[in-house]
Amino acid sequence: MDDLTARHNEKMKRIKEVRDRMMATKTEEKGLVVVHTGKGKGKSSSAFGMIMRCIAHGMPCAVVQFIKGTWDTGEKSFLRERFPDECRFFVSGEGFTWEVQDRERDVAAARRGWEIAKEQIRDPAIRFVLLDEINIALRYDYIDIDEVVEFLLHEKPEMTHVVLTGRNAKPELIEAADLVTEMTLVKHPFRDGVKAQAGVEF
């Protein structure tokens, strides 16, 4: 064994010992409140990746999609056509707010979505609920942030995971969450005139 390999093996051995000690202290399990926010791409994409994991693990799940509405997304078609028993899929929005241009309709759609979301979260058969783009509805005060936080903290079943996506997550939600990830925009082809493309954005 050469010196480089020997040094590498010894370093990995030390790292494993430290990690094993750390992991021995991580024994709690709980349903998490997860927030994906930020200006970068990947908030919904990451959350739908988690939905795929749930399906693979036999964990019943649900999606409530806010704002996007009738937009023909790949995830909606895929889950509704191929995994309707494993994942319930609800659409509450009528389209992006700048397309609808009717605040009352936006508020009504968001409120319907939130009522569906609460039903799915409360359902003991469901283990994971994705509230896609709900942060946009919260940002524009279509849904009351205090009501959402209160529900997540005090009514969400102990072992149910809830993921909330969208830009501009409110501070109250960030404070209440267990896990928050901010996607940072570094570079995007939209700035160079490239439109949203199937398989990448939707």
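Bear in mind the structure is a predicted one, so any value in this text is a computation, not a measurement.

Colleague: What exactly am I supposed to notice about a negative patch on the surface here?
Modeller: Where like charges cluster on the molecular surface, the negative patch consists of D144, D146, E150 and E172. Relative to the assigned elements, E172 resides in helix α8 (residues 171-176).

Colleague: Before we go on, may I ask you to explain the side chain of T37 in this structure?
Modeller: Among the secondary structure elements, T37 is positioned in strand β1 (residues 33-37). Of the polar contacts made by the side chain of T37, one reaches the backbone oxygen of G166; its length is 2.9 Å. With near-sequence residues (within four places) excluded, T37 lies in contact with K43, N135, G166, R167, N168, A169, T181, E182 and M183.

Colleague: Help me understand the nonpolar core, please; the structure alone is not making it clear to me.
Modeller: One broad rule of soluble globular proteins: the nonpolar side chains tend to lie buried together. Counting 30 residues, the largest nonpolar core has F66, W114, L131, I134, I143, L152 and L164 as the members making the most contacts within it. At the level of secondary structure, the elements contributing two or more residues to this core comprise β1, β2 (61-65), α5 (103-122), β4 (128-132), α6 (134-139), α7 (145-154), β5 (161-165) and α8. Looking at this core element by element, the count peaks at 5 residues for α7. Setting aside its immediate chain neighbours within four residues, L131 contacts V64, F66, W114, A117, I121, V162, V163, L164 and T165. Residues I51, I55, M59 and C61 belong to the second largest nonpolar core, which totals 16 residues.

Colleague: Can you walk me through the packing of helix α2 (residues 43-56) against helix α3 (residues 74-82) in this structure?
Modeller: Axis angle and axis distance: for two packed helices, these are the angle between their axes and the distance between the axes, and together they describe the pair. Running from N to C, α2 and α3 cross one another at 15°; their axes reach a closest spacing of 12 Å. The angle between α2 and α3 places the two elements in the roughly parallel class. Regarding α2 and α3, the two cross each other, and that crossing is left-handed. Packed against α2, whose contacting residues are F48, I51, M52 and I55, the element α3 presents E75, F78 and L79 at the interface.

Colleague: In this structure, what is going on with the sheet that holds β2? I would like to understand it.
Modeller: Read from one edge of the open sheet, 6 strands run β3-β2-β4-β5-β1-β6, paired in parallel fashion. Two strands close off the open sheet at either side, each with one partner strand: β3 (87-91) and β6 (179-182). The average angle at which neighbouring strand axes cross in this sheet is 10°, direction not considered. Pairing analysis gives 5 bridges linking β2 to β3, with the strands arranged parallel. Paired with V63 across the two strands is F89, which belongs to β3. On the sheet, α2 packs against β1, β2, β3, β4 and β5 and is oriented at approximately 160° with respect to β4.

Colleague: Would you mind showing me how to read the pattern of salt bridges here?
Modeller: Side chains that differ in sign of charge can pair as their charged atoms come close. In total, this model carries 9 salt bridges according to the counting rule given. Between R111 and E115 there is a salt bridge whose closest N-O contact spans 3.4 Å. With R111 and E115 both in helix α5 and 4 residues apart, this pair spans about one turn of that helix. With a relative accessible area of 27%, R111 lands in the partly exposed category.

Colleague: Honestly, the environment of F89 in this entry has me stumped. Any pointers?
Modeller: Along the chain, F89 turns up in strand β3. Distance from F89 to R14, taken between C-alpha atoms, is 46 Å for residues 75 residues apart in sequence. With near-sequence residues (within four places) excluded, F89 lies in contact with F48, V63, Q65, E75, K76, L79 and R80.

What counts as what
Residues numbered from 1 in each chain as written. Predicted model: local features only at pLDDT ≥ 70, side-chain atom pairs only at ≥ 80, totals over all residues. Heavy atoms only, no water. Patch = residues over 30% accessible without salt bridge, like charges linked within 9 Å, V, L, I, M, F, W, Y side chains within 5 Å. Areas by Shrake-Rupley, 256 points an atom, 1.4 Å probe, with all protein chains shown as cover. Salt bridge = Lys/Arg side-chain N within 4 Å of Asp/Glu carboxyl O. Lys, Arg positive; Asp, Glu negative; His and termini not counted. Charge placed at Lys NZ, Arg CZ, Asp CG, Glu CD. Helix = DSSP H or I, 4+ residues; strand = E, 2+ residues; numbered from the N terminus. Polar contact = N/O pair within 3.5 Å; in protein donor to acceptor, adjacent residues only side chain to side chain. Contact = heavy atoms within 4.5 Å. Core = buried A, V, L, I, M, F, W, Y, C linked by side-chain atoms within 4.5 Å. Buried < 20%, exposed > 50% of the residue type's maximum accessible area, 1.4 Å probe, protein only. Axes fitted to C-alpha atoms, helices over the stretch in contact; angles between N-to-C directions. Parallel < 35°, antiparallel > 145°, perpendicular 65-115°, else oblique. Left-handed = near helix turned anticlockwise from the far one by under 90°. Pairing = 2+ DSSP bridges.

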